[in-house]
Amino acid sequence: MTHVREARKETLSDIDRFLKQLCIEWGFCSQLTALELTIGLKALDAGLFADAVLRAERMVPADEEAWKHRLESKFIEQYGQFVALDVGDIA
């Protein structure tokens, strides 16, 4: 069970690093954390990620669509279509 908790902790730490990278590169510095972003989720996909970041940033609707696409692309570049969060099934 300890390896499961460690794997989830490592995944959340990686997502936090990715959020910090977005702050540095694109100015998305809303203080959103991986834990807040993933509560209750078994997986985080590019669309959910982009929506959460844009909500946290209180993005102007006129700019939202273009930024959503960019955020989704950046997420997919980093993780693929999704990142598994329910690591309880990992052997």
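Residues numbered from 1 in each chain as written. Predicted model: local features only at pLDDT ≥ 70, side-chain atom pairs only at ≥ 80, totals over all residues. Heavy atoms only, no water.

1. Some remarks on the pattern of salt bridges
Any two side chains of opposite charge can pair, given that their charged atoms come close.
Then step 1. Here the structure, examined in full by the defined rule, presents four salt bridges.
Then step 2. In this structure, Arg 17 and Asp 14 form a salt bridge, with 3.4 Å as the shortest nitrogen-oxygen distance. Taken together, the residues Arg 17 and Asp 14, both in helix H1 (residues 2–26) and three residues apart, mark about one turn of the helix.
Then step 3. On the basis of relative accessible area, Asp 14 is assigned to the partly exposed category, the value being 23%.
Then step 4. A salt bridge links Glu 72 to Lys 68, with the shortest nitrogen-to-oxygen separation between them at 3.9 Å. Of this pair, Glu 72 and Lys 68 both sit in helix H4 (residues 61–79), four residues apart, which is roughly one turn of that helix.
Then step 5. Through salt bridges with shared partners, a single network forms among Asp 51, Lys 68 and Glu 72. (Salt bridge = Lys/Arg side-chain N within 4 Å of Asp/Glu carboxyl O. Helix = DSSP H or I, 4+ residues; strand = E, 2+ residues; numbered from the N terminus. Buried < 20%, exposed > 50% of the residue type's maximum accessible area, 1.4 Å probe, protein only.)

2. Considering the state of the cysteines
Then step 1. Under the defined criterion, the tally for this structure stands at one disulfide.
Then step 2. Shown here is the disulfide that connects Cys 23 with Cys 29, its sulfur atoms set 1.9 Å apart. Its S-S torsion of about 95 degrees marks the bond between Cys 23 and Cys 29 as right-handed, since a negative value means left-handed.
Then step 3. When its relative accessible area of 35% is taken as the criterion, Cys 29 is described as partly exposed. (Disulfide = S-S within 2.5 Å.)

3. Some points on H4
Then step 1. Between its first and last C-alpha, H4 extends 26 Å over 19 residues, near the 27 Å set by a 1.5 Å rise per residue.
Then step 2. If you look at H4, its biggest bend is around 30 degrees, right at Trp 67.
Then step 3. Within the sequence span of H4, burial applies to Leu 71, Lys 74, Phe 75 and Tyr 79.
Then step 4. Immediately downstream of H4, the backbone of Gly 80 shows phi near 90 degrees, a positive value. (Expected span 1.5 Å × (residues − 1). Bend = angle between axes of the 7 residues up to and from the residue.)

4. Some thoughts on the side chain of Lys 74
Then step 1. Inspection of the secondary structure puts Lys 74 in helix H4.
Then step 2. Non-local contacts of Lys 74, meaning those with residues more than four positions away in its chain, are made with Phe 18, Gln 21, Leu 22, Glu 25 and Trp 26. (Contact = heavy atoms within 4.5 Å.)

That's the geometry; what it means functionally is another story.
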